[in-house]
There are 2 protein chains.
Amino acid sequence: MAFAGDSSRRKFFKRAGVAAGSALLTANQIWAAEHGENLPPNIPSWMQQTGTGVGAAPYGSPSEYEKDAIRRTVPWLTATPISSVSFSPLQSLQGIITPSSLHFERHHSGIPNIDPEEHRLMIHGLCGNPLVLTMDDLVRFPSVSEIRFIECPANGGMEWRGPQMEALQFTHGMISCSEWTGVRLSTLLAEVGVDPKAKWVLAEGADGAAMARSIPLDKALNDVIVAYAQNGERIRPEQGYPLRLVNPGWEGNTSIKWLRRLELGEKPWHLREETSKYTDLMPDGRARRFTWVQETNSVVTSVCPENSLKSRGYHELEGVAWSGRGKIKQVDISFDGGFSWKEAKLKGLVLDKALTRFSLDWSWDGSPALIQSRAIDDTGYVQPTLAQLREVRGVNSIYHKNSIHTWQVLATGEVKNVQNT
Amino acid sequence: MAFAGDSSRRKFFKRAGVAAGSALLTANQIWAAEHGENLPPNIPSWMQQTGTGVGAAPYGSPSEYEKDAIRRTVPWLTATPISSVSFSPLQSLQGIITPSSLHFERHHSGIPNIDPEEHRLMIHGLCGNPLVLTMDDLVRFPSVSEIRFIECPANGGMEWRGPQMEALQFTHGMISCSEWTGVRLSTLLAEVGVDPKAKWVLAEGADGAAMARSIPLDKALNDVIVAYAQNGERIRPEQGYPLRLVNPGWEGNTSIKWLRRLELGEKPWHLREETSKYTDLMPDGRARRFTWVQETNSVVTSVCPENSLKSRGYHELEGVAWSGRGKIKQVDISFDGGFSWKEAKLKGLVLDKALTRFSLDWSWDGSPALIQSRAIDDTGYVQPTLAQLREVRGVNSIYHKNSIHTWQVLATGEVKNVQNT
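Residues numbered from 1 in each chain as written. Chains lettered and ligands numbered in written order. Predicted model: local features only at pLDDT ≥ 70, side-chain atom pairs only at ≥ 80, totals over all residues.

(A) Seen up close, the overall build of chain A. Helix and strand content of chain A: six helices and 23 strands. Since a compact globule built from 421 residues should have a radius of gyration of about 22 Å, the 24 Å found for chain A is in line with a globular shape. With the C-alpha coordinates of chain A rotated into their principal frame, the extents come out at 80 × 60 × 45 Å. Burial analysis of chain A (421 residues in total) assigns 53% to the buried set. Sequence-distant contacts, at least 24 apart, represent 69% of the contacts inside chain A between residues at least 6 apart. (Helix = DSSP H or I, 4+ residues; strand = E, 2+ residues; numbered from the N terminus. Rg over C-alpha atoms; globule rule 2.2 N^0.38 Å. Buried ≥ 20, exposed ≤ 12 C-beta atoms within 10 Å, placed from the backbone. Contact = placed C-beta atoms within 7 Å.)

(B) How the structure looks around the relation of the copies chain A and chain B. If you rotate chain A by 180° and push it 0.0 Å along the axis, it lands on chain B with an RMSD of 0.0 Å. Overall, the copies show the geometry of a two-fold rotation axis. Closest approach to the rotation axis within chain A is made by the C-alpha atom of P99(A), at a distance of 3.9 Å. When the interface residues of chain A are mapped onto chain B, 100% of them are again interface residues, pointing to one common binding face. (Least-squares fit on C-alpha atoms with pLDDT ≥ 70 in both.)

(C) Spatial organisation of the pairing of strand β12 (residues 259-265) of chain B. All names here are of chain B. With six of seven residues buried, β12 lies mostly within the body of the structure. Relative to β12, strand β3 (residues 121-125) runs parallel, the two being bridged by four bridges. Within the sheet, the bridge partner assigned to M122 lies in β12 and is R261. Sheet topology places strand β7 (residues 200-205) next to β12; six bridges connect them, and they run antiparallel. Bridging across to β12, W200 finds its partner in G265. (Pairing = 2+ DSSP bridges.)

(D) Looking closely at the sheet that holds strand β12 (residues 259-265) of chain A. All names here are of chain A. Across the sheet, which stays open at both edges, the five strands sit in the order β4-β3-β12-β7-β8 with mixed pairing between neighbours. Two strands lie at the open edges of the sheet, namely β4 (131-133) and β8 (212-216), each paired on one side alone. Across the sheet, the mean angle separating the axes of adjacent strands is 15° when strand polarity is ignored. (Axes fitted to C-alpha atoms, helices over the stretch in contact; angles between N-to-C directions.)

(E) Structural context of the sheet that holds β12(B). Residue and element names in this part refer to chain B. Strand order in the open sheet made by the five strands is β4-β3-β12-β7-β8, with mixed pairing throughout. What marks the edges here is a single partner per strand, and that holds for β4 (131-133) and β8 (212-216). Averaged over all pairs of adjacent strands, the angle between their axes in this sheet comes to 15°, without regard to strand direction.

(F) Just the interface of chain A and chain B, in detail. Contacts between the two partners involve 120 residues from chain A, matched on the other side by 120 residues from chain B. For the side of chain A that touches chain B, the element with the most residues is helix α1 (residues 23-35) of chain A, which contributes five residues. Among the residues making up the side of chain A that touches chain B, the classes are represented as 52 nonpolar, 39 polar and 29 charged. (Nonpolar A, V, L, I, M, F, W, Y, C, P; charged D, E, K, R; others polar.)

(G) Local environment of the domain arrangement of chain A. Residues and elements named next belong to chain A. On domain assignment, one finds that chain A holds domain 1 (75-285) and domain 2 (297-418). For domain 1 versus domain 2, the distance between C-alpha centres works out to 27 Å. For the side of domain 1 that touches domain 2, the elements supplying multiple residues, two or more each, are β5 (144-151), α3 (168-172), β6 (175-184) and β13 (280-281). (Domains from an automatic or database assignment.)

(H) Seen up close, unusual backbone geometry. That bond from Y241(A) to P242(A) is cis: its omega, 5°, falls within 30 degrees of zero. In this structure, P242(A) sits in the loop between β10 (233-234) and β11 (244-246). Although it is not a glycine, W258(B) sits at a positive phi angle of roughly 50°. By secondary structure assignment, the location of W258(B) is in the loop between β11 (244-246) and β12. For W258(B), a count of 30 C-beta atoms within 10 Å translates into the label buried. Of note, the phi angle at H400(B) is positive, near 55°, even though the residue is not glycine. Mapping H400(B) onto the fold places it in the loop between α6 (386-393) and β22 (406-409). Residue H400(B) is classed as buried on the basis of its 24 C-beta neighbours within 10 Å.

Below you can see the structure in the form of structure tokens.
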């Protein structure tokens, strides 16, 4: 007897002749053991009653069984939760959209609770017609909606000297990706009329820290968005409600949250957050400044300390890659710590300055492995090894650690964060 | 003195020489009146204190000022909330992603509370190797992530005889769009080996209604996803947690939620939901059946009963269009009830069977207007007028009302739901 698909389509899990490691065999066996029959399944309790009606949750929330998919903090990392960070659970996420509820956080003076009716954006300095805009004003301008990542430049920064964090959530969880909607900054700058002498824009937030950064006018006129919506709805409080800058591909803290002021000037402002902080101390004692671009990076997410291997056989090895310079062009995977590489498949949408999923079919035979991913963007930039990065940068940096990451798979299926030199 | 941008870039709001209707003038005037000065703005109270630290909300939620962006129900529409519907607030949404918390709901026996450890998917019938799969089994298969709309075929169904609902949320709110992740149904069918005699697939849910539909094998092998994630996280309970079918472009109720059983058979099952319901009663008393595709549709969202016009001058007229057959190719806008049309711009991503944003620059001079949008998809299908639809379908239908919608703008700026014949 012939079955369509048996020959023309690939099977991922063979049941005949495979002993250990077949999840499907196990499933059928468990079912049979539990219920004394193979097919059909019994009628579960939730089918024997009516459920919750509509209207119970005008604004919905996840299943009670998904309590593990949350942002997490590292208490020892900062002196106070007011100026601290929470990490996205990359190990639980799928696709390229980060749910707004799980977008990583980084605050410098906590989350202000802003009344949008009272909020104003002032645009002033070297321009013809300074403006103070209400939120009602802002939403009347023509808008754009774009899927872009935002990444803290300190992402991975705890690991310059070697592995510290036994969790993907903490090694890479300061990146998230959303559909942002707002007005192009270039549209607003045209409205105020930029003085030819102006070369920089100051962006300042309405938090207690008045977090501010200097942004070159070229970038400001390019792809920056003054955003009021995230993933369809108004921006979340911790993401800058009611208004933030989205500065695609650049250090997350240039995407000023709770945006209240844009000033046009001739020179950068040399603010605390671009001198004392968000600079890279080099081996010779000097500091790199204005290192804005979040360079090409990637990490395997389906196999990581939180996602150990439970059985041998087929696994879709999956991860995310991103580049602040443009689109991801290629991702390679190594199972032997970088000696040999296989090209992964890019999955779904491949967008400019957005998370990009990659995957590779893999059959785990139970051997130990050193899994790495290496991303290449459409400018040709190749994600470096940690050794290559240290050669240039030393080990005093906090920011911009985008090196190839290594997960060690043990024979038990456990996964460790290791350094591969 | 010349300002860059004054000549090369367009200004949307002229402040000199414009009296009434300039929102920006108003903003500056309000500010001056409130604060006794124009620039710079004062230091708001939330900048004079620290805010909420990280860790306070491991799973975030919207600002307290956004309580209006919620799903809403129409109590008189159904006998019980157990078998009812809630509507997405399209009037508040931006971009093409619907936040999972605001995805419309349609339940036939309420939302079951399913333990994912206990949930099983059985695939059986005319196949070589019937299977019972756990959730752990399912997530091991290779996955896809795709942005697709789901629309209830009853969307707009209250208005076959004319306008009933004075709100966009209720005239069109049974459509939402998410990034869905899961296993292609074709992958699972290859795993069980489809018998050549099989021509149909039954999909059954694990709710109290055991909601089920018959789906032709051709469609099942095409683009259907057995999905476990929505917008990055696991599917919400009201969207089928832990597992649902996503049947792109087809009637929402064929995207069976809480999916527990797939059966391969020779003929359709002629179930309640494809005979008594989800069929279209024609003028001659006969009923159309298996009218699966959600035909091309569109609606203006930035101007609607909930979004009245508050001032004259520039407005970005915006809306959403979609087609169950493929991509949106063109959207036209009329301001005079369909006598003349202007082509709108398609904004952002234009994806297969996904919400697509369109927009048109518009300067409102205070005159009454009859605003319509008309979408055309890449198969050449043109969204019909209500008159054209009624010519074929009469007025006894509930489902598949995809006709051109009319918003009447009054001189006051109020917006009414009217029928334009």
